[in-house]
Amino acid sequence: MLIAMKHFGNVGVGVTSPQLFRANDRNFYVVKLQNNLLGSKVLVNEFLAAKLGEIMGLCFPVSSSIEIGEETIQQSPQLQASGIVAGRHFASQYLNHTEYVGKNNLFKADNITEMAGILLFDYMFHNADRTNNKKNLLLRKDEAGCRIYAIDNSHLFRTARWTIAHLNSISRIIKPYYRYSYGLLLRDWLSPPHFLPYVKKVKEMSCESIHELVAKIPKEWLSDDAERQALIDYIILRRDMVEDIGEVLYKHIPMSRGGYQWWYSTTKSLI
């Protein structure tokens, strides 16, 4: 777990009011705080995405929980005025020298095919925010080339204020998300084979590993055991639906690049 050393103020925009900190590893992080306007389930959603992203090999920034101590809070009048409490919050590594992904620069990315995993993840967890918000895909150039990074997972399950009843109501729904860059990716860049490694990794998640993942959510973010169980049930159900979710994605890929019919003739024999 990271430790926050110094606060540098607001970063970016958004209802969750992310803050910029330098941590004990000397890197800068965008931090979402427990007492953000939407509540601590913002942190739960981010934590789940980070852990599932590690399992699926998704192009998310490096993320972790971060401890903000009383001494760091006292050094920042802004944090004091905001009523920030000492404890564990959620941090994603700050990415500098970036630009927002759009139709005029998507072609520059060296990891376009990795977006297949991001689309599959967002379909699994009803993250409509990333397809609707043009600021949640970043293009960054470094020594290795240009890479897309997907940021901001606060609105998994369509809301940061989900309930057990809400999770149950959306758990069997497969809704397509194809606005802006997502539509462009499906129409011009991605093919069914690009999704197969991610579908395979999802199918390989054991019930035990899913239980362990949810158990790692800090208690101060999610204290209700029934809500934890609802998350476990949701993830297991969506894991078992991943091939059906893939079918919905393939419907938006032109038949000239494999598209929908490719799924029936090839995919199930390869997974």
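First, a word on scope: everything that follows refers to the structure included in this document. (Residues numbered from 1 in each chain as written. Predicted model: local features only at pLDDT ≥ 70, side-chain atom pairs only at ≥ 80, totals over all residues. Heavy atoms only, no water.)

Before going further, it helps to examine helix H7 (residues 181-189). Looking at H7, one finds that the buried residues are Ser181, Tyr182, Gly183, Leu184, Leu185 and Leu186. In this structure, the buried side of H7 is in contact with helix H4 (115-124), helix H5 (128-132), strand S7 (137-142), helix H8 (192-203) and helix H11 (242-250). (Buried < 20%, exposed > 50% of the residue type's maximum accessible area, 1.4 Å probe, protein only. Helix = DSSP H or I, 4+ residues; strand = E, 2+ residues; numbered from the N terminus. Contact = heavy atoms within 4.5 Å.)

Attention now goes to the pairing of strand S1 (residues 2-10). Examined bridge by bridge, S1 and strand S4 (residues 63-68) share 2 bridges and lie parallel to one another. Within the sheet, the bridge partner assigned to Leu2 lies in S4 and is Ile66. Pairing of S1 with strand S2 (residues 19-23) involves 4 bridges; the strand directions are antiparallel. Looking across to S2, one finds that Ala4 is bridged to Ala23. (Pairing = 2+ DSSP bridges.)

Right, let's talk about the sheet that holds S2 for a bit. What the 5 strands build is a closed barrel, ordered S1-S2-S3-S5-S4; its pairing is mixed. When strand polarity is set aside, the average angle formed by the axes of neighbouring strands in this sheet is 55°. Strand contacts of helix H1 (residues 41-56): strand S3 (28-32), S4 and strand S5 (87-93), with the helix running at about 50° to S5, the strand carrying the most contacts. (Axes fitted to C-alpha atoms, helices over the stretch in contact; angles between N-to-C directions.)

Taken together, the side chains of Phe8, Phe28 and Tyr94 make up a nonpolar region of the molecular surface, amounting to roughly 260 Å² of accessible area. Looking at the element boundaries, Phe28 is found in strand S3. (Patch = residues over 30% accessible without salt bridge, like charges linked within 9 Å, V, L, I, M, F, W, Y side chains within 5 Å. Areas by Shrake-Rupley, 256 points an atom, 1.4 Å probe, with all protein chains shown as cover. Salt bridge = Lys/Arg side-chain N within 4 Å of Asp/Glu carboxyl O.)

Overall, antiparallel pairing links the 3 strands, which are arranged S6-S7-S8 in an open sheet. The open sheet has two edge strands, strand S6 (98-100) and strand S8 (145-150), and neither has a second partner. This sheet shows a mean twist of 30° between the axes of neighbouring strands, independent of strand direction. Where S6 meets S7, 3 bridges bridge the pair, whose relative direction is antiparallel. Opposite Tyr100, over in S7, you have Leu138 as the bridge partner.

For the rest of this paragraph, the subject is the packing of aromatic side chains. On inspection of all chains with the given rule, the structure shows 10 aromatic pairs. Centre to centre, the rings of Phe60 and Phe121 are 5.6 Å apart; their planes meet at 80°, and the pair counts as edge-to-face. Taken together, the residues span a long stretch of sequence, with Phe60 in the loop between H1 and S4 and Phe121 in helix H4 at a distance of 61 residues. Note on accessibility: Phe60 and Phe121 belong to one class, buried. Their ring planes at 75° and their centres at 6.0 Å tell us that Phe125 and Phe157 sit as a pair that is edge-to-face. Of this pair, Phe125 sits in the loop between H4 and H5 while Phe157 sits in the loop between S8 and helix H6 (164-170), placing them 32 residues apart in sequence. (Phe/Tyr/Trp six-rings, centres within 6.5 Å; stacked < 30°, edge-to-face > 60°.)

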